[in-house]
Amino acid sequence: LGHEFITDVLELRFEGLLASTPSYELWLSLLYALLEGASEALGIRRDDLDGTLYRYSVGVAPALVLYDNVPGGAGHVRRVAKEPRDVFLAAWQRVDQCECGEETSCYECLRNFRNQPYHDQLKRGLARDFLRGLLQSGG
């Protein structure tokens, strides 16, 4: 069974030293940090935005695919594309200021009901360190 869902999509691919690790936990944690950051920075209902990872090849960092979780799209990911630094900064602040262990995550930083299957793989410290490096490099 399948269902066609037409909406707006934004693909984020990272290259260089920051993206040199193919660690699934890093990319999954970064994905959810960016979704939470976009929701906070741009005033988007978190349920209206979602994402997934897409691997182009083994051993290479996957693409982060953000999409409007609204049929036909609502323009949310277009706003993310126009204001990426605000989204990255809000995502970094969320994972930097949380008080849970950096080797884990909680409902205040990365976890939510929809990503329950991945809770044991979400590590706020990985997302925090990546986002810090990205922001410091001017990304």
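These numbers come from a predicted model, not from an experiment. (Residues numbered from 1 in each chain as written. Predicted model: local features only at pLDDT ≥ 70, side-chain atom pairs only at ≥ 80, totals over all residues. Heavy atoms only, no water.)

### Digging into the pairing of strand β3 (residues 63-68)
Consecutive residues of a regular strand have side chains that alternate between opposite faces of the sheet. Applicable threshold: Buried residues are those whose accessible area, probed at 1.4 Å on protein chains only, stays under 20% of the maximum for their type, while exposed residues exceed 50% and partly exposed ones sit between those limits. Note on conventions: DSSP H or I runs of at least 4 residues are helices, E runs of at least 2 residues are strands, and numbering of each starts at the N terminus. What makes two strands pair is DSSP finding at least two bridges between them.
For β3, the buried fraction is high: 5 of the 6 residues fall into the buried class. Pairing of strand β1 (residues 9-12) with β3, which is carried by 4 bridges, proceeds in the antiparallel orientation. Note on β3: the bridge partner recorded for Leu10 is Leu66. Bridging between strand β2 (residues 49-54) and β3 involves 6 bridges; their strand directions are antiparallel. Within the sheet, the bridge partner assigned to Leu53 lies in β3 and is Leu64.

### A short note on the state of the cysteines
Under the convention used in this document: Disulfides are defined as pairs of cysteine sulfur atoms found within 2.5 Å of each other.
In the structure shown here, the tally under the stated rule is 0 disulfides. Here Cys98 is not cross-linked by a disulfide; its sulfur's nearest cysteine counterpart is in Cys106, at 3.3 Å. You can call Cys98 buried: its relative accessible area is 12%.

### Points about the packing of helix α3 (residues 84-97) against helix α4 (residues 124-136)
We apply this condition: Lines are fitted to the C-alpha atoms to define the axes, a helix being fitted only along its stretch in contact, and any angle between axes, read from their N-to-C directions, falls within 0 to 180 degrees. Angle categories: roughly parallel below 35 degrees, roughly antiparallel above 145, roughly perpendicular from 65 to 115, and oblique for all the rest. Each crossing is labelled by how the near helix is turned from the far one, with a counterclockwise turn of less than a right angle marking it left-handed and a clockwise turn marking it right-handed. What makes two residues a contact is simply this: any of their non-hydrogen atoms within 4.5 Å. In this count, Pro and Cys sit with the nonpolar residues alongside Ala, Val, Leu, Ile, Met, Phe, Trp and Tyr, while Asp, Glu, Lys and Arg are called charged and the others, Gly among them, polar.
One way to put it is that α3 packs onto α4 with a least axis distance of 9 Å and a crossing angle of 140°. As summarised for this structure, α3 and α4 are arranged oblique, according to the angle between their axes. Like other packed secondary-structure pairs, α3 and α4 cross with a definite hand, here left-handed. Of α4, the residues touching α3 (which contributes Arg85, Phe88, Leu89, Ala91, Trp92, Val95 and Asp96) are Arg124, Ala127, Arg128, Leu131, Arg132, Leu134 and Leu135. Residue composition of the contact of α3 with α4, by class: 9 nonpolar, no polar and 5 charged.

### Looking at the pattern of salt bridges
The criterion, for reference: In the sections that follow, a salt bridge refers to a side-chain nitrogen of Lys or Arg positioned within 4 Å of a carboxyl oxygen of Asp or Glu.
Scanning all chains against the criterion turns up 12 salt bridges. A salt bridge links Glu11 to Arg13; its shortest N-O distance comes to 4.0 Å. The shortest N-O distance in the salt bridge between Asp50 and Arg114 comes to 3.9 Å. With a gap of 64 residues between them, Asp50 in strand β2 and Arg114 in the loop between α3 and α4 connect regions that are remote in the sequence. Relative accessible area serves as the criterion here: at 48%, Arg114 is assigned to the partly exposed category.

### What about the packing of aromatic side chains?
As a reminder of what qualifies: Two rings from Phe, Tyr or Trp (for Trp, the six-membered ring) form a pair when their centres sit within 6.5 Å of each other. Planes less than 30 degrees apart are called stacked, planes more than 60 degrees apart edge-to-face, and all others tilted. The rule is short: NZ of Lys or CZ of Arg within 6 Å of the ring centre and within 35 degrees of the ring normal puts a charge over the ring.
Evaluation of the coordinates by the stated rule reveals 6 aromatic pairs. Judged by centre distance (5.3 Å) and plane angle (70°), the rings of Trp27 and Phe130 are edge-to-face. Here Trp27 is found in helix α1 (residues 24-42), whereas its partner Phe130 is found in helix α4, with 103 residues between them in sequence. Here Trp27 falls in the buried class, since its relative accessible area comes to 0%. Judged by its relative accessible area of 4%, Phe130 falls in the buried class. Among the aromatic side chains, those forming a connected cluster through ring pairs are Phe14, Trp27, Phe88 and Phe130. Taking NZ or CZ as reference, Arg13 lies 3.9 Å from the ring centre of Tyr56, over its face.

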